[in-house]
Every structure is written in C-alpha cells, then in structure tokens.
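# Structural features, examined
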Amino acid sequence: MVEKIQFYPLDVTYKVIDGKPVIHLFGRTTDNKQILILDDSFEPYFYVVPKKGVDVREKLEKIEVERDDKTAKVTRTEAVNKKFLGNDVQAIKVYTQLPGDVPMIREVVKDWEILEGIYEYDIMFSRRYLIDRKIVPLTLYEAEAEHYTLRAKVPVFKALKIEQLGTETIKPRILSFDIETYSPSRSIEPEKNPIIMLAFYSGNSAKAKSQKDEKPFKKVFVWKKFKTELDFVEFVNSEAELIEKFKETIETFKPDILTGYFSDGFDLPYIKTRAEKYKISMDLGLDYSELRVNKQKVTTSRIRGITHLDIFKFIKRVMGPTMKTDAFNLDAVAGELLGGSKHDVDLDELSEIWDKHPEKLEKFCNYNLNDSLLTYKLTQKMMPTIIELVKIVGLTIYDVNRMGFSQLVEWFLLKQTPNFDEIAPNKPGYNEIQNRRLQTYKGGFVYEPHPGLYKNIVVFDYRSLYPTIIGSHNIGIGTLNCECCEGTAKKTPAEDEEYWFCTKRKGFIPTLIEELITRRMRIKEIIKSEDAKYALLDARQNSLKLLANSFYGYLGFFGARWYSLECAKATTAWGRFYIQDVIKKAEDGGFKVLYSDTDSVFLTLDGKTKEDVNKFAEKINTELPGLMELEYEGLYPAGIFVSAKMGVLGAKKKYALLSEDGTLKIKGFEAVRRNWSFIAKETQEKVLDIILRDGDKKKALKYVKKIINDLREKRIPVEKVVIHTQLQKEISDYTSKGPHVAVAQRMINRGIKIGPGALIKFVVTQGSDIIRNRAKLPDEVTEEDYDSDYYVNNQVVPALDKIFEVLGYSKDDLLEHKEQKKLEGFF
DNA sequence: GATTGGCGGGG
DNA sequence: GTGTACGCCAATC
C-alpha cells in the first residue's frame, strides 16, 4: 500500500542490500515520529572528459576489475554537455553498481592518455545523493512510500518518490548528556577507570508526544548509594548497569539530536571502551548499528539515525574567532555565551570521595547535571546558526558540525554545481598542496596613524569588502584571463602580474557570492523594519555573512578545489585599490586622513561639515561597481591614536573613540585585555574617558596622580591590585617560573589541587626579593602588604605612558609628586 | 626565521 | 565510507 509521508530528513547513510546501494534517510514525521525512508533509485557515478574527438564510451563500458572475489564494472555511460570552470566540455558520466566501485574504476582509467580528466570520483555517495536529489536536511519533504521489512527501531518505508514541500525547518528534540569518570591522578584512562556518573538534560519532556506543557527532563545515574533528596538522582548497581541506562534513556527519549561537550573525543569513546569491557553492545543506531568511534587525527563518534552534535567543536570553530575567551573549556564558554554559571566543585576530590566518603557525592551529581544543562543551553543557543548553515550548505547537522569554513564554502559550491552544469575541479594532490603552501601574497593596505588626539572623526568602511569585490569584479577561475576580453577588460591593479576577468559572462563563484550578499541584505532590511523573530533572522544573516566572508580565504586555501592564487591576489589588490582611492579622494576633497586598515578609513572633518561628508560618500558610491558600497560608520566627537612601541608612527589597531551617543570604543588597549590588574585597566579606561569626553588633559593628569597617590597611601583595596594569569601547563613543566607559577606552587604545597587551565590570582608584595618570591595569594595580604611602587611603575604607568605621550607629557610628569607651575603653563 | 612538537577539549 | 582530516603556540635549531 502506497502512503504519503511528510517528514524532515535528519541523517543520511547508505547500505548495500542485495547488491544494490540503498540510501537510508532518517527523519521525523510531521506527526512527530521517527522514521526511516529507503531509496534504492540512486546510482553511483563519476565523470570523465575525453580528449577532443575521441570516443571512449565503448572502452569504458568494457572495464571490469576484480578485487577480493568481487567484480567492479561500469554499468553504463552517458554523454553529457557540461562546463568545467566556465568552459563547455563534452563529458561522459560513468555509472557503476556500487559506490565502492568508483575508486576502483578510477584507478583503471587514471593513466589513460585519451582522457583529458577524471572528476567527482571522491564525493561520498550519501552526500552526492543530497546534492543530486536537491534534498536539504531539516526541511519538509513528502515521500510516496510503502512499508518495507527491515530490522530497525523505527518504522521503515521504501520511497517511490520524494519531493520537497517547503523550506520551514523542524524543531528538533535535543537531549544533552555528560559523564563523570573515576580519575584519581587526573589522568584519563578509559581502559582502567570506570564511569561513575551519567547525566542527561533536555528542555523537552521525557515523553515524545506532549508538545505543550513540557517539563524539562533531568536525570543523573550513579552507581554508589548515598542519602539524597535530589529527585533526579537514580541509583544503579554497577557501571555496567549505568551503561545500560545510557542506552535505555536514549532509546526511550528518542532524541533527534544527542549533544555533548567534546563528546566526539571524550564521552562517547569513553562509553564505548567501557561497554566493550562488559561486552555490552552499543547498538544505538536506529538500524541497530553500533556507535562508531573513528579515531584519527580528530576523533569522531557517530550514531546512525541520531544526530550526534559535539557543540564544543562547533562553538570553537564558528564562534571562536569572535569570542573574547581564548580557552574553550565549558566554564569559560558558558560564562561568555550564557552569562556566569560557575560551579564551585573541586573535581580532584571526586575520586577520593567516591572511595571514602560516598555520603558527600550529592554535590557532584549537581555538578554533573549542571554540565549537561550548560551543554543543552549552548546547543539551544547555537541551533539557529547551525540550522541556517545546514540550509545554505545542504548537508546534515552532523557534517556541518564537523566542518571548517573552507569546507563549508566548498560544499556550498558543490551543492550548486548542478544548477550551473558545472563539473567540480579535483582536490589537490600532495605535491600540489606543498606548492600551494609556499605561495604568499599581499594583504590589506594599512595607513599608519600619526599619534595624536583628534576631534570630529568620521569613519567609513566598505560593507563586505572582499565578497563584494569578488562579485563586482567577476573574480573566479572560470572568468580569469579569458580570451574574449583580452585587451578590453580592465586589468587588476596588482603590482607583479596582470590579470583581468571576463566582462561578458558572469562566473560561477561571483554569481553565488552575490546571491549570498543580496540574500543577507534582504534579511537585514526585514530586521530593520520589524523585530519579530529577530534572533532567528539575525542567525540567518550572520550565517550568510560568515559564509560570504569565507570565500576570499577559500580561494587562497591550499586544500581548495576552486583554489586560485590569482583570484586571491586580485581580491586583495582591488581591496587596496579601493581603500587607497577613498584616501586619495578624501585628501583631494580637503579632508585629513588619520588612519585606514584594509576596509575602513578614519577622517577628520577639518573644517568641513557633515553634509560635505555625505556628499563625499555619495560621490564615491555612484562610482563603485556592483554591490560595492562605502558605508558611513559614524561620527566620533573625539579620538586618540597612540604611538607604536617602535618607530614614530602610530600603532596599528590601537585607538579609542568617543561615539556620539557617549559610549567609548576602545580597540587594542590593555583596558580590553586581561592579565593586567584591575587598577591599571580601570585607570587607563578612565583616563581615555576624561581625555575624550572632557578634553581635559589636566584633569586626566590630576586623576592619575591621585591614583598613584592612593596606591602609595594604600587607599586602593587589595581586590584592585590582583593580577589574573592562566596556568598554561603543569607546574613542573615551566622552565621559567613567573610569579603565577610560584603562587600555584605554593597553593599546591598548601594542599589546593590545581593544574593547567587554572586561573591564578596573585598580588605583588613589598620587599627586595625577586618578584616571584613576592607574589602572594590575595587572601594572604592586606592593603599594607602590596608593593605600591610595583603597581605604579609596572602596571599603571606602562598602561598610560603612550597615552600621555600624545598629550605632551613624559613618564616623569606622571610620577611628579607636586604639580609644577612651569608645566601647567604649558597648556 | 623556519621547523618541529605538543596540546587543546574531557575527568 | 566514492573521504579527509586541525590549527595554534612555544620551544628549538
């Protein structure tokens, strides 16, 4: 009986059944049931392009390869008109019986001299299926299908037809988990040490049915009993039973997504190792397949039919570059993305308490649950971005989770090839990669600032500079140095060589990048006009931006299929051209240029009006091609640039601006970095504030003198002179012992267990010994003890001297005890 | 400077 | 699974 089934695909794999590859699409139906849909209508293939005028089809069709008593052969061939990097080619589509036959056949034809090239022989079968059938995971499809008998945990259907119904996406059922293990020496040894606790958390209730009125699901399994009131704690009798509970919970909860923090490399491999010890089968897959742990350079863990999401990986790669923290442990990441949520539990005690004081285990159960709660919340927070990337790139969450930006760009392009009849270029081989790695080229242009205090600074920047250049100048491999435009197309202003790009037909990459940019612009318009669904739309526009911005890097990435050094060079060359063009035009127009870096330029009004500025920008914009646009970023009533450590010119990326709305924008100064005492950061920020807001040098100087005086008179509390430094490795591994290492050593001697990653707080106290011997724990000292001179000379003054240099003061002026009449007269 | 080695995340 | 793998920082010559 043929039924119509509406479902959202979540995971895809394939299996060989009766000598035929069968695609397995796992998903959830619109009435909220897990399902498996089979499709045996998809054939493996790859392309060959023969040399002109050579007929190779007959020869291809005769290929037979024997290996391990299996025969791989070409089932049929098909002549197709395609394009390769923009040029028309006559290609042959070579079909095989099984996906694994493709590399075998390719091996045979690899050295055929009658072939121009062999392509798309390394695209995984299930991904190839998603591309060719235009299936975008998480969006709604309807299958015409009939029941099929296959051993599985969910109903199985065989599809006759699958078509897309819409682009709305599933709201996935997410279950997060976390384990705690016995680890007496802080080392991680799954062969030796048992799992002692296991926590689950979900915002969805345990029962899959009720959509409304959902109560969060909380559970902690532990195999030692103790007295507790916690209702989420469930005792089991052994580690083996705990592992069984892990399986059972997933089977009854039926999540679409199982999420953990570093679970690819820790929790799931650990569970698998322990399960093997007890000979417990980890057949978690919806088709009863085993949990698969792939230990290569990076370990991955996969469950068929259930999306295993390692949120650590995603956050580190996608959010990492824009985050403040440089440590990616759960504490730091949750702290920044979710707001403070520190647990005050010392994990080093766990093993001892487990052995000797199980009555104290309760707080560890809370800790365990809290970690899975944080993991859940992080996943929830990232979900809109993940879903958007899935929709843009067209791969499963599992794949998108584990890909870097260059791979995301590449799969986005691969997904688009059929729409342009393009054949994808091959990945570079080893030698090619080595060659590419050696290539370097010029980046953005920097106009170094003259140190100084300035008024009425106008900032402009090119919106999405590199993406719009690629689009507007038609930069791509297929349009590079085309014969049709030789001598007529404008040449790229690169110093060393001469490139041009076709002006007659738009290229594959430029077309796609412009699509991404315009899609993003439309979304930003909607966000501006209404604030409904803001978070979702914002995730969408941000994903589009992330992807568009990655194209330029992709073109210059050594592993890229669509690699082109010329294109990458052309992109930065045009970038330098356009920013230098603004600088020149600004100067010609009577503006003073202060600073510029890659895509932004800082000007002073210099007697001109805001209207003059608008006219200036308008004029520039009418002359810009395509989607390029110079955006007015803002007017800043005051700003300061300071000198670099060396040289007379100003430091790059180090300045402070006062916005019209009164907020301070501080870039590159110590005030925005950690590792400095609060008093140094606070004073620096306050001084910038006084200078920019009040324009009063004397007041700033007076303020600093007061702080220095307060330090000397011990009126600054101890908390403000504490210095925080993160311990990077084991104490014994440090060859040069900084003050934080000495303090850490003393903490250990005191019986406090700390290791790499710990944040060490210390205060430098008075004395004549070397610094590290004078570094003390904050709770060991009072105001009387800290070394005022150290804080004045090594913290406060270094944070300020470059700023005061701009104002015409020297270091000595800061340290003068009495204000001098002579100097006062100076202003 | 180039090159190599180790480590992050997890307990 | 038609695969392929990271990327940064510190120490070292």
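Throughout, residues of each chain are indexed from 1 in the direction in which the sequence is written. To label them, take the chains in the order written and letter them from A, then take the ligands in the order written and number them from 1. Local features in this predicted model are restricted to residues of pLDDT 70 or higher, and side-chain atom pairs are both shown and tallied only at a pLDDT of 80 or more, whereas totals for entire chains, interfaces and linings draw on every residue. Note that the side-chain values use all heavy atoms of the structure and ignore hydrogens as well as water.

### Digging into the pattern of salt bridges
- Salt bridge, as applied in this entry: a Lys or Arg side-chain nitrogen positioned within 4 Å of an Asp or Glu carboxyl oxygen. Under the definition given, this model contains 50 salt bridges.
- Here D264 makes a salt bridge to R402, at a shortest N to O gap of 2.9 Å. Of this pair, D264 sits in the loop between β15 (257-260) and α5 (267-277) while R402 sits in the loop between α10 (397-401) and α11 (405-416), and the two are 138 residues apart along the sequence.
- By relative accessible area, which is 0% here, D264 ends up buried.
- Members of the salt-bridge network, linked through shared partners, are K219, E234, K245 and E248. Secondary structure elements are taken from DSSP: a helix is a run of H or I of four residues or more, a strand is a run of E of two residues or more, and numbering for both begins at the N terminus. For every residue, the accessible area (1.4 Å probe, protein chains only) is compared with the maximum for its type, and the residue is labelled buried under 20%, exposed over 50%, or partly exposed between those bounds.

### What to know about helix α2 (residues 101-109)
- Every buried residue of α2 is accounted for by D101, V102, M104, I105 and V109. Seen along its axis, α2 keeps its buried residues to an arc of 165°; they face one direction.
- The contact criterion used throughout is that any non-hydrogen atoms of two residues lie within 4.5 Å. Looking at the packing, one finds that the buried side of α2 touches β4 (45-50), α1 (57-61), β5 (64-67), β6 (70-84), β7 (87-96) and β8 (115-119). Arc definition: directions from the helix axis to the C-beta atoms.

### Digging into the protein's contact with DNA strand B
- Near DNA strand B, the surroundings consist of 18 residues, among which T181, R186, F262, F328 and L330 are the closest.
- Interatomic distance of 3.0 Å between a side-chain N/O atom of D348 and a base nitrogen of DNA strand B.
- When grouped by side-chain class, the residues that make up the surface near DNA strand B number 10 nonpolar, 3 polar and 5 charged. One heavy atom suffices: a residue is near a molecule or strand as soon as one of its heavy atoms comes within 4 Å of it. Polar contacts, as used here, are pairs of N or O atoms within 3.5 Å; protein pairs need one atom able to donate a hydrogen and one able to accept it. Residues neighboring in sequence count only if both atoms are side-chain atoms. In the scheme used here, Gly and all other residues not listed as nonpolar or charged are polar, with Ala, Val, Leu, Ile, Met, Phe, Trp, Tyr, Cys and Pro taken as nonpolar and Asp, Glu, Lys and Arg as charged.

### A look at the sheet that holds strand β26 (residues 664-667)
- The strand order β20-β22-β23-β21-β24-β25-β26 describes an open sheet built from 7 strands, whose pairing is antiparallel. Each edge of the open sheet carries a strand with a single partner, namely β20 (446-447) and β26.
- DSSP bridges decide pairing: two strands pair if at least two such bridges lie between them. Bridging between strand β21 (residues 452-462) and strand β24 (residues 630-643) involves 10 bridges; their strand directions are antiparallel. Of the residues in β24, the one forming a bridge with G452 is F641.
- Taken strand by strand, helix α17 (residues 610-623) contacts β21, β23 (600-604) and β24, and its axis lies near 30° from that of β21. In this analysis, axes come from line fits to C-alpha atoms, helices being fitted only over the stretch in contact, and the angle between any two N-to-C directions falls in the range 0 to 180 degrees.

### Focus on the sheet that holds strand β14 (residues 233-235)
- Taken together, 6 strands build an open sheet; the order of strands is β14-β13-β12-β11-β15-β18 and the sheet is mixed. Single-partner strands in this sheet number two, and they are β14 and β18 (307-310). The sheet shows a mean angle of 25° between the axes of neighbouring strands, direction not considered.
- Judged from the 3 bridges that link them, strand β13 (residues 217-222) and β14 form a sheet pairing that is parallel. Along β14, the bridge assignment pairs V220 with V233.
- Along the sheet face, helix α4 (residues 239-253) touches β11 (174-181), β12 (195-202), β13, β14 and β15 and points at about 15° away from the line of β12.
- Most of the contacts of α5 go to β11, to which it runs at about 65°, and overall it touches β11, β12 and β18.

### Observations concerning unusual backbone geometry
- Positive phi values are uncommon outside glycine, yet F262 reaches one of about 65°.
- On the basis of relative accessible area, F262 is assigned to the partly exposed category, the value being 40%.
- Even without being glycine, N456 reaches a positive phi, approximately 50°.
- Summarising the element assignment, N456 is placed in strand β21.

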